[in-house]
Amino acid sequence: MTSRLFVWATVVVLLSAAGIKGSQAGLLSPVEGLILRPLAPVQRLLHAVAQPVADFVTNVGRYGDLRAENQRLRTENERLRSENAELQEARHEVQELETLLGVKEGFRQYQPVAARVVGRDPNHLRQVIAIDQGQDAGLREGMVVVGEGGSLVGRVEKVYGDYAFVRLITDHQSSVTALVEGSRVTGVVNGSAEGRLTLDLVPPDTNVAVNANVVTSNLGGNYPDALLIGRVSKVEDDPSRHFKAVQVEPALDFSSLEFVLVLTGFQPRPLGGG
Amino acid sequence: MYYVAVPLLLLVALAQSAVLPAFATPWLRPDLVLVLLAAWAVARSPEELMVLAPLGGVWLDLLGPAPVGVSVLALAPVVLLGFLTELGIVSSDLLMAVFVTVAGTVLFYLIQAAVLDLSGYSLASLDALRAALLPGVLVNAAVTPVLYFPLRATRSGARSTLRSTPRF
């Protein structure tokens, strides 16, 4: 039996090594795409069924938090209603400004392709989602992916015919050049193993306000500028450090992401970064 | 047996990639394929795992962006651990299944991390491994009985071991 196990282990190691090399060289992509094509609808169905259950279970576990959040939202709702009255008046002006700045046109020029989230990387070491659009819809590796509201989701990592994997900005290998709105302080937003975001390389003598929006910067060339990443949730000033420790709360809840937009018209400039 | 096992593995891998990630916390996301294989080794036969483990690994790799072969390699120790059941070193089969799951999970994550690292996906400071390992071990161990008992119920005549009666 020992010799049989040894032969088996040798075969598995050799075949795995060949598979890994073949995958990295793209030799297996046609086969992978062929198998994934029929599986994508099944994944989509399973994901659609699982999401409400997961939301329920997650929310039950957070009952205390939800009560507090409910109270906070009531207060915020009241404040927003009063603000809404003022905003109605400013709406016309905003629409004009929006047209003037070309924000909408600017976004349209990136030719967004809508895709549904059908799964996630079963490997717990990474933050990657699977979507149901691929090469057939014009997707290519490196393309920028945003949420329905235009917040940054990540970048396309691997593409098949009608299936692709997107590495989220919360993945610990992701890094995005960013700036803090208002103060215009620049830094690099990095993901982490726990799926949190930090704004790194922020000099200690700069002013970073809690709750300020963090958006993409066009420095680095990998992302369109001004895509919302999140908001500053915590700033730690430690004189012994060379940089501030800034935590960023993502604008999106990545665990309940259902649809994304892939900016097929944006050409990243390969200057490094995630 | 394989007519049932192969689609079952695919179904479990699909659940692992499409259903469980909907839960935000890793404490609710067991590595179902690994646990199924570990329970299978003890409840039925570790020899059957010599075919099933590589298949489970292929399904996992196909459903994720990792190169095909990473999970195949990472699941290989489960087969070797499964053969420890033949030695009868633990008095309870259920405990043995939990042991195979726990040890298999640790090796699964370590091998995955090492292979991903060697493949160019650097795991900075092994933070990702540290964050995933403890929840993975605990949740996998907790789920093992759920898969072990149904599998044990199907084992009549499946095992060619020295033991004739189940122990748990």
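Quick notes on the rules
- All residue numbers refer to positions counted from 1 along the written sequence of the respective chain.
- Written order determines the labels here, with chains lettered from A and ligands numbered from 1.
- In keeping with the predicted nature of the model, local features appear solely for residues at pLDDT of at least 70, side-chain atom pairs appear and are counted solely at 80 or more, and the whole-chain, interface and lining totals rest on all residues.
- Segments assigned H or I by DSSP are reported as helices when at least four residues long, segments assigned E as strands when at least two residues long, and all are numbered from the N terminus.
- Labels follow a simple rule on C-beta atoms placed from the backbone: if 20 or more others lie within 10 Å of a residue's own, it is buried; if 12 or fewer, it is exposed; otherwise it is partly exposed.
- Here contacts are defined at the residue level, using C-beta atoms placed from the backbone and a cut-off of 7 Å between them.
- Angles run from 0 to 180 degrees between N-to-C directions of axes, and those axes are lines fitted to C-alpha atoms, restricted for helices to the stretch in contact.
- Here roughly perpendicular refers to angles of 65 to 115 degrees, roughly parallel to angles under 35, roughly antiparallel to angles over 145, and oblique to all remaining angles.
- In this scheme the handedness of a crossing depends on how the near helix is turned from the far one: anticlockwise by less than a right angle means left-handed, clockwise means right-handed.
- Any residue outside Ala, Val, Leu, Ile, Met, Phe, Trp, Tyr, Cys, Pro, Asp, Glu, Lys and Arg is labelled polar, Gly included; the first ten of those are nonpolar and the last four are charged.
- Each nonpolar core comprises buried Ala, Val, Leu, Ile, Met, Phe, Trp, Tyr and Cys residues, the members being joined through C-beta atoms within 7 Å.
- A pair of strands is treated as paired once DSSP finds two or more bridges between them.

Draft legend 1. Inspection of the overall build of chain A at higher detail. Scanning chain A from terminus to terminus reveals 4 helices and 12 strands. In chain A, which comprises 274 residues, the share counted as buried stands at 36%. Expressed as a percentage of contacts within chain A between residues at least 6 apart in sequence, the contacts between residues at least 24 apart total 59%.

Draft legend 2. Highlighting unusual backbone geometry. All names here are of chain A. In this structure, R184 is a non-glycine residue whose phi angle is positive, near 60 degrees. Residue R184 is classed as exposed on the basis of its 9 C-beta neighbours within 10 Å. One non-glycine residue, L201, lies in the positive phi region at around 65 degrees.

Draft legend 3. Representation of the packing of helix 2 (residues 32-43) of chain B against helix 6 (residues 127-153) of chain B in the model. Residue and element names in this part refer to chain B. The contact between helix 2 and helix 6 brings their axes to 8 Å, and the two run at 45 degrees. With respect to helix 6, the element helix 2 is oriented oblique. Note on packing geometry: the crossing formed by helix 2 with helix 6 is right-handed. Note on element contacts: helix 6 touches helix 2 through N140, V143, T144, L147, Y148, L151 and R152, opposite L34, V35, L36, A38, A39, W40, V42 and A43. Per-class residue counts for the contact of helix 2 with helix 6 are 12 nonpolar, 2 polar and 1 charged.

Draft legend 4. How the structure looks around the nonpolar core. Residues V145(A), V166(A), I229(A), V260(A), L37(B), A39(B) and V78(B) are the most contacted members of the largest nonpolar core, which totals 115 residues. Sorting elements by how many residues they give to this core places helix 2 of chain B first, with 12 residues.

Draft legend 5. Layout of the sheet that holds strand 7 (residues 186-190) of chain A. All names here are of chain A. Read around the closed barrel, the 6 strands follow the order 6-7-8-11-10-9; overall the barrel is antiparallel. Pairwise comparison of adjacent strand axes, ignoring direction, gives a mean angle of 40 degrees for this sheet. In terms of strand pairing, strand 8 (residues 197-202) meets strand 11 (residues 244-250) through 4 bridges, oriented antiparallel. Directly across from V202, in strand 11, lies its bridge partner K244.

Draft legend 6. Main features of the packing of helix 2 of chain B against helix 5 (residues 93-118) of chain B. Residues and elements named next belong to chain B. With their axes 9 Å apart at the nearest point, helix 2 and helix 5 run at an angle of 140 degrees to one another. In terms of axis orientation, helix 2 runs oblique to helix 5. Every pair of crossing elements has a handedness; the one defined by helix 2 and helix 5 is right-handed. Judged by residue contacts, L34, V35, A38, A39, A41, V42 and A43 of helix 2 engage D93, M96, A97, V100, T101, G104, T105 and F108 from helix 5. Classifying every residue of the contact of helix 2 with helix 5 by side-chain character gives 11 nonpolar, 3 polar and 1 charged.

Draft legend 7. Spotlight on the environment of N211(A). Take N211(A): it is sitting in the loop between strand 8 and strand 9 (213-216). Once you skip the residues sitting within four places of it in the chain, N211(A) turns out to touch R231(A) and V232(A).

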